[in-house]
Amino acid sequence: MARRFFVGGNWKMNGNKESLEQLITTLNTASLDDQTEVVCAAPSIYLDFARSLLDPRIGVSAQNCYKVAKGAFTGEISPAMIKDCGADWVILGHSERRHVFGESDDLIGQKVAHALESDLSVIACIGEKLEEREAGTTEEVVYTQTQVIAENVNDWGKVVLAYEPVWAIGTGKTATPEQAQEVHEKLRAWFRANVSDDVADSLRIIYGGSVTGANCRELASQGDVDGFLVGGASLKPEFVDIINARV
């Protein structure tokens with residue numbers, strides 16, 4: 001089954017209206033591979049702004065949300081609010097949410113369930129820390145994280161799984177194409193054994209962790225790498241090169 005290449009740009013807590021408008025103009029006027037699905041994750045305060053300016057061919061995502069629709073949860077946003085701003089995606093389980101803000105697997109699972117119930121599509125993130133890779137527990141860590149996500153998904157057509165080795169995020173270190181392919185291949189085998197053949201064949205498993213214009217093509221050539229979740233480089237013109245990694 002052909003899986004449509006997917007490139008997400010996670011702007012994180014960066015940008016202002018002036019700089020983001022420049023970035024959006026670059027994306028809107030660029031020649032982008034129409035075989036690639038592109039989604040930009042804006043800071044929540046700029047979701048409306050991004051959606052109003054970005055070309056409709058580019059999706060908009062939030063970077064996080066809470067597990068209920070409304071209530072006394074100061075500082076949080078709900079899937080309903082994200083939808084109301086015209087965005088159709090949310091990133092959940094990013095390593096910065098897990099390790100900087102202490103979000104547990106269970107909370108991330110609950111968020112995934114509520115986002116999907118609210119008709120948002122989800123970029124669900126998993127990945128091991130450096131000490132876990134060095135201890136040889138990469139598979140155990142990512143399978144545990146994936147299991148909790150899987151228990152909360154009823155429509156895999158609305159989910160993209162992002163494998164992001166924590167040691168490669170923002171560090172300039174990148175998993176080699178072979179390292180990325182090895183984990184993606186094992187994840188696909190996990191889905192075949194624990195979910196279904198159909199999901200294993202159709203689920204897009206994307207890679208994140210210091211993806212750049214320089215390394216994207218070799219990573220994109222790997223059979224089980226179905227795209228990227230891009231951090232710092234998504235704020236630069238080279239994001240266009242990453243989107244076009246398979247051209």
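Residues numbered from 1 in each chain as written. Predicted model: local features only at pLDDT ≥ 70, side-chain atom pairs only at ≥ 80, totals over all residues. Heavy atoms only, no water.

Draft legend 1. A look at the overall build of the protein chain. Of the regular secondary structure elements, the protein chain holds 11 helices and eight strands. Dimensions of the protein chain, computed from the C-alpha atoms along their principal axes, are close to 45 × 45 × 35 Å. In the protein chain, which comprises 247 residues, the share counted as buried stands at 53%. Of the roughly 10,900 Å² of accessible surface on the protein chain, 48% is carried by carbon and sulfur atoms. Where the 23 positive side-chain charges of the protein chain centre and where its 36 negative ones centre are 3 Å apart. (Helix = DSSP H or I, 4+ residues; strand = E, 2+ residues; numbered from the N terminus. Buried < 20%, exposed > 50% of the residue type's maximum accessible area, 1.4 Å probe, protein only. Areas by Shrake-Rupley, 256 points an atom, 1.4 Å probe, with all protein chains shown as cover. Lys, Arg positive; Asp, Glu negative; His and termini not counted. Charge placed at Lys NZ, Arg CZ, Asp CG, Glu CD.)

Draft legend 2. Representation of the layout of surface pockets within the structure. Estimates place the volume of the largest pocket at around 440 Å³. Lining of the largest pocket is provided by 17 residues; of these, K12, Q63, N64, R97 and F101 occupy positions nearest its centre. Partitioning the lining of the largest pocket into residue classes produces seven nonpolar, six polar and four charged. Of the pockets and cavities examined, the second largest pocket occupies roughly 230 Å³. Together, 19 residues line the second largest pocket, and G170, S210, G231, G232 and A233 are the ones closest to its centre. (1 Å grid on protein atoms, 1.4 Å probe; cavity = no way out; pocket = protein on both sides within 12 Å on 5 of 7 lines; lining within 4 Å. Points joined across faces, edges and corners; volume = space filled by probe spheres on them. Nonpolar A, V, L, I, M, F, W, Y, C, P; charged D, E, K, R; others polar.)

Draft legend 3. The arrangement of the packing of helix α7 (residues 138-150) against helix α8 (residues 177-194) in detail. For the pair α7 and α8, interaxial distance at closest approach is 11 Å and the crossing angle is 45°. Taken together, the axes of α7 and α8 are oblique relative to one another. By crossing handedness, the relation of α7 to α8 is classed as right-handed. Contacts from T138, E139, V142, Y143, T146, Q147 and A150 of α7 reach α8 at V183, K186, L187, W190 and F191. Along the lines of polarity and charge, the residues of the contact of α7 with α8 split into seven nonpolar, three polar and two charged. (Axes fitted to C-alpha atoms, helices over the stretch in contact; angles between N-to-C directions. Parallel < 35°, antiparallel > 145°, perpendicular 65-115°, else oblique. Left-handed = near helix turned anticlockwise from the far one by under 90°. Contact = heavy atoms within 4.5 Å.)

Draft legend 4. Up close: the nonpolar core. Grouped together as the largest cluster of nonpolar side chains are 67 residues, with contacts concentrated most on L27, V90, Y207 and F228. Among the elements that make up this core, the one with the highest residue count is α8 (five residues). Residues within four places of V90 in sequence aside, it is in contact with S61, A62, Q63, N64, C65, I82, A115, L120, S121, V122 and I123. Membership of the second largest hydrophobic core comes to 11 residues, among which are A41, W89, A162 and I206. (Core = buried A, V, L, I, M, F, W, Y, C linked by side-chain atoms within 4.5 Å.)

Draft legend 5. Examining the sheet that holds strand β2 (residues 36-41) more closely. Pairing in this closed barrel of eight strands is parallel, and the strands run β1-β2-β3-β4-β5-β6-β7-β8 around the ring. Each strand of the sheet is rotated relative to its neighbour by a mean of 25°, with strand direction disregarded. Of the strand pairs in this sheet, strand β6 (residues 159-163) and strand β7 (residues 204-208) are connected by four bridges, and their pairing is parallel. Pairing of L161 across the sheet is with I205, part of β7. Running at roughly 155° to strand β5 (residues 121-126), α7 makes contact with β5 and β6 of the sheet. (Pairing = 2+ DSSP bridges.)

Draft legend 6. A look at helix α5 (residues 105-117). With 13 residues, α5 ought to run about 18 Å at 1.5 Å a step, and its terminal C-alpha atoms sit 18 Å apart, in line with that. Turning to α5, its buried residues are L107, I108, G109, K111, V112, A113, H114, A115 and L116. Where α5 is buried, its residues meet α3 (79-84), β4 (89-92), α4 (95-99), β5, α7 and β6. D119 lies just past α5 and shows a positive phi near 70°. (Expected span 1.5 Å × (residues − 1).)

Draft legend 7. Spotlight on α8. Here α8 spans 25 Å end to end across 18 residues, near enough to the 26 Å set by a 1.5 Å rise per residue. Along α8, the residues that are buried comprise P177, A180, Q181, V183, H184, L187, R188, W190 and F191.

Draft legend 8. Geometry of the environment of D34. In this fold, D34 is placed in the loop between α1 (17-29) and β2. Separated by 210 residues in the primary sequence, D34 and N244 have C-alpha atoms spaced 9.1 Å apart.

Draft legend 9. Region of the structure containing the packing of α5 against α7. Between α5 and α7, whose axes approach to 8 Å, the crossing angle comes to 35°. Crossing hand, α5 versus α7: right-handed. Every residue of α7 that contacts α5 at D105, D106, G109 and V112 is listed here: T144, Q145, V148 and I149. Grouping the amino acids of the contact of α5 with α7 by side-chain chemistry returns three nonpolar, three polar and two charged.

By themselves, these figures tell us nothing about what the structure is for.
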